[in-house]
Amino acid sequence: MKTKITELLGIEYPILQGGMAWVAESTLAAAVSNAGGAGIIAGGAAPIDYLRDQIRRAKSLTDKPFGVNVMLLSPNAEELAQLVIDEKVAFVTTGAGNPGKYIEAWKNAGVKVIPVVPSVALAKRMERAGADAVIAEGTESGGHIGENTTMCLVPQVVDAVEIPVLAAGGIADGRGIAAAFMLGAEGVQVGTRFLAAEECQIHENYKNLVVGAKDTDSIVTGRFTGHPCRSVKTKFAKKLVGFDKGDGTIEEFEQISSGSLRKAVVDGNLDEGSFMCGAIAGMINDIRPCKDIVSEMFSQAEKLLGR
Ligand code: TUI
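The rules behind each value
Residues numbered from 1 in each chain as written. Predicted model: local features only at pLDDT ≥ 70, side-chain atom pairs only at ≥ 80, totals over all residues. Heavy atoms only, no water. Salt bridge = Lys/Arg side-chain N within 4 Å of Asp/Glu carboxyl O. Helix = DSSP H or I, 4+ residues; strand = E, 2+ residues; numbered from the N terminus. Buried < 20%, exposed > 50% of the residue type's maximum accessible area, 1.4 Å probe, protein only. Near = heavy atom within 4 Å. Polar contact = N/O pair within 3.5 Å; in protein donor to acceptor, adjacent residues only side chain to side chain. Areas by Shrake-Rupley, 256 points an atom, 1.4 Å probe, with all protein chains shown as cover. Nonpolar A, V, L, I, M, F, W, Y, C, P; charged D, E, K, R; others polar. Pairing = 2+ DSSP bridges. 1 Å grid on protein atoms, 1.4 Å probe; cavity = no way out; pocket = protein on both sides within 12 Å on 5 of 7 lines; lining within 4 Å. Points joined across faces, edges and corners; volume = space filled by probe spheres on them.

Asks: Just give me the short version of the pattern of salt bridges, but keep the residues and values in it.
Replies: Under the criterion given, the structure shown has 16 salt bridges. As a salt-bridge pair, Asp49 and Arg52 come within 2.8 Å of each other at their nearest N and O atoms. Separated by three residues within a single helix, Asp49 and Arg52 lie in helix 3 (residues 48-61), roughly one turn from each other. With its nearest N and O atoms 3.7 Å apart, the salt bridge here joins Glu78 to Lys101. Of this pair, Glu78 sits in helix 4 (residues 77-86) while Lys101 sits in helix 5 (residues 100-108), placing them 23 residues apart in sequence. Overall, Glu78 belongs to the exposed group, its relative accessible area being 52%.

Here is the structure:
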């Protein structure tokens, strides 16, 4: 399937793997790239030496393009911005902020730049700053989210910018891809579906929660902090939601939520972990290899689109 995104990145299918902190490491990224999409290693707040090693591992596992996600709230963002240049990574995606100050250096180094945007205003700013494409991410997504839905955000971003737009948030099968194209997107970013990939290295408790989730099993925590986050509705997540209703201070919230994503991904800790996932988790019922996930999504999408 050829679109402006397959052309831009030199990939077979216009699908990017979400840059999920702690989750998106070299094994998963390489598997998605080998499946014909574009895998991503997430910087999160990980140490730079670890990330350099992850980038080099991915290079040893695939000769296809892959990217790195720079989470802009992270204290390592500046160092990681330089690392992707030094390691000649094909492209970067960014999240949780405005990457404007890095774009010129990335472009000069030949690194393609694809920021995640939660609004038309940021999409326009990113286009003016030289971004190659933007990911319009709806509030259905997992992890840190904006307010607008995928259905409303994507067509408005498509109308507002000339650069290609990828849709993200709530896409986990060929119907979602076909719908995204109908809204004017040239590609998709998919996170939650890859949590249930065979090659995804997260704790089995995490995969089981995703596969076992039903439609109403995701919940948004941390609204009162200004950094809302969607995750599986566990007892711990419900406790965090209590803070939105005044159950504790921001300091108390930060104390119990800090490190909670690691506790989910690495330890599978059901009592203290934040199992971030998108609202589409309810539709995901099996654990499959990336190759099957990607090829089945696109064969379904192509049928629906009548290609
Ligand atoms: O970044 C994500 N998802 C994430 S980051 C993350 S780690 C984290 N944990 C707790 C609090 C904050 C981060 C877990 N999941 N997705 C991309 C995304 N970017 N969603 C929303 C945004 C966004 C929000 C505001 C992008 C830009 C933005 O700009 C504000 C501005 O400066 O204009």
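Asks: Can you explain the site of the ligand? Please cite residues and give values.
Replies: Close contacts around the ligand come from 15 residues, with Ala96, Gly97, Val116, Glu137 and His144 the closest. Within the side chain of Glu137, one N or O atom sits 3.2 Å away from a nitrogen atom of the ligand. The contact in question runs from a nitrogen atom of the ligand to an N or O atom on the backbone of His144, over 2.9 Å. Alone, the ligand offers 710 Å² of accessible surface; in the complex the protein occludes 72% of this. Residue classes in the shell around the ligand are distributed as eight nonpolar, six polar and one charged.

Asks: Kindly report on the pairing of strand 9 (residues 187-190), identifying the contributing residues and their values.
Replies: Along strand 9, one buried face is formed by Gly187 and Gln189 and the opposite face, lined by Val188 and Val190, is buried too. Here three bridges tie strand 1 (residues 15-17) to strand 9, and the two strands are oriented parallel to one another. Across the sheet, residue Gln17 finds its bridge partner in strand 9, namely Val190. Relative to strand 9, strand 8 (residues 165-168) runs parallel, the two being bridged by three bridges. Following the sheet pairing, Ala168 is matched in strand 9 by Gln189.

Asks: Which residues make up the layout of surface pockets, and what values do they have?
Replies: Looking at the second largest pocket, its volume works out to about 190 Å³. Lining the second largest pocket are 15 residues, and of these Ala172, Asp173, Arg193, Asp286 and Glu296 sit closest to its centre. At the level of secondary structure, the elements contributing two or more residues to the lining of the second largest pocket comprise helix 8 (174-182) and helix 14 (290-305). The greatest single-element share of the lining of the second largest pocket, amounting to five residues, is contributed by helix 14. Looking at side-chain class alone, the lining of the second largest pocket contains five nonpolar, three polar and seven charged residues.

Keep in mind that these numbers describe shape and distance, not what the molecule does.
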